[in-house]
Amino acid sequence: QTPFDFDRADFQIRMSVSEIVNAVRFVIDVAHEHGLFDSEQPKAIEIGNEPDISGTYHNKPELFAEIVRRAHATIREVSLRAIVVTGGIANLDRRGFNYLERMLRAGLPDDCVIGYHSYRTTDAPEHAHKGFGTREAEFERLRELAGERRIWCTESGWHTAPSKVGSWPKTRLIQFSDDQVAEFFAREARYHADAGTEVFTYFQLNDGPVATAYEHRFGIRSLNGKWKPIAKVVSEVAVAVA
């Protein structure tokens, strides 16, 4: 190779890193202009989303760690009070933990909050991911990796769309009701509270128009604006674990 040869895909990824940092600069400047970081409760900025399954960064945790470092430095130029959260790994499973471990090994600022997501969309809350005997074991691994860093769950929830599980010819259909989802959420919240999670975020506010599309059926509010049973439970859990 000559000094002028390069990997075009890697070059494009590096260009996207600069674009992300520029986007962070825009967001932090706007937030600062509106005084969002001057309030009694500082606001947070989450860098990225589910990088371990992202088409761009799913096998590049070291590069994603670089993005977090550069974004963090950009934010700190404007605000010392803004809370910086790493883009949540997609789940508390072996893939997510392996990715997070490599990110941390590559280096993250000490004051970054570790973001994570927690989904059991075709199982009850008590069902642990493969490789873990219990849900408590999952959180032990998370705490082991995070160390002294704070942890935030930036997405969690269940949908009410039908799902096929298993492989042909032994497949079966699973579909949870609104009441089941509400019960699951109350039980799920306790795991996170017991683990010391500071923020537990339910995904998401509104349902979408397609009843059979799972991402359209996570809402705590129906398409017509009616509150579902989960909405009441979210309110009750927020008070109970505060």
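Residues numbered from 1 in each chain as written. Predicted model: local features only at pLDDT ≥ 70, side-chain atom pairs only at ≥ 80, totals over all residues. Heavy atoms only, no water.

Colleague: Report on the packing of helix α4 (residues 135–146) against helix α5 (residues 178–194), specifying residues and quantitative values.
Modeller: Taken N-terminus to C-terminus, the directions of α4 and α5 make an angle of 40°; their axes are 10 Å apart at the nearest point. In terms of crossing hand, the pair formed by α4 and α5 is right-handed. From α4, Arg135, Glu136 and Phe139 reach across to α5, where they touch Glu188, Tyr191 and His192. (Axes fitted to C-alpha atoms, helices over the stretch in contact; angles between N-to-C directions. Helix = DSSP H or I, 4+ residues; strand = E, 2+ residues; numbered from the N terminus. Left-handed = near helix turned anticlockwise from the far one by under 90°. Contact = heavy atoms within 4.5 Å.)

Colleague: Can you tell me about the pairing of strand β3 (residues 114–119), naming the residues and giving the values?
Modeller: Across the six residues that make up β3, a large majority, six, are buried. Burial along β3 is two-sided: the face carrying Ile114, Tyr116 and Ser118 and the face carrying Gly115, His117 and Tyr119 are both buried. As paired strands, β3 and strand β4 (residues 151–157) are joined by six bridges and run parallel to one another. The residue bridging glycine 115 from the neighbouring strand is tryptophan 152, located in β4. Handedness of the β3-α4-β4 crossover: right-handed. (Buried < 20%, exposed > 50% of the residue type's maximum accessible area, 1.4 Å probe, protein only. Pairing = 2+ DSSP bridges. Right-handed = clockwise from strand over helix to strand, strands pointing away.)

Colleague: Could you give an account of a nonpolar patch on the surface, with specific residues and numbers?
Modeller: A cluster of nonpolar side chains, namely Phe26, Val27 and Val30, defines an oily patch on the protein surface of about 270 Å² accessible area. Tracing the backbone through its elements, the reader meets valine 27 in helix α1 (residues 8–33). (Patch = residues over 30% accessible without salt bridge, like charges linked within 9 Å, V, L, I, M, F, W, Y side chains within 5 Å. Areas by Shrake-Rupley, 256 points an atom, 1.4 Å probe, with all protein chains shown as cover. Salt bridge = Lys/Arg side-chain N within 4 Å of Asp/Glu carboxyl O.)

Colleague: Pulling in residues and values, what's your account of empty space enclosed by the protein?
Modeller: Applying the stated rule across the entire model yields one cavity of 30 Å³ or more. Its volume calculated, the largest cavity comes out at about 50 Å³. Lining the largest cavity we find Trp158, Thr160, Asp178, Val181, Tyr202, Arg217, Phe218, Gly219, Lys228, Pro229 and Ile230. Within the residue set of the lining of the largest cavity, elements represented by two or more residues are α5 and α6 (229–241). Partitioned by chemical class, the residues of the lining of the largest cavity number six nonpolar, two polar and three charged. (1 Å grid on protein atoms, 1.4 Å probe; cavity = no way out; pocket = protein on both sides within 12 Å on 5 of 7 lines; lining within 4 Å. Points joined across faces, edges and corners; volume = space filled by probe spheres on them. Nonpolar A, V, L, I, M, F, W, Y, C, P; charged D, E, K, R; others polar.)

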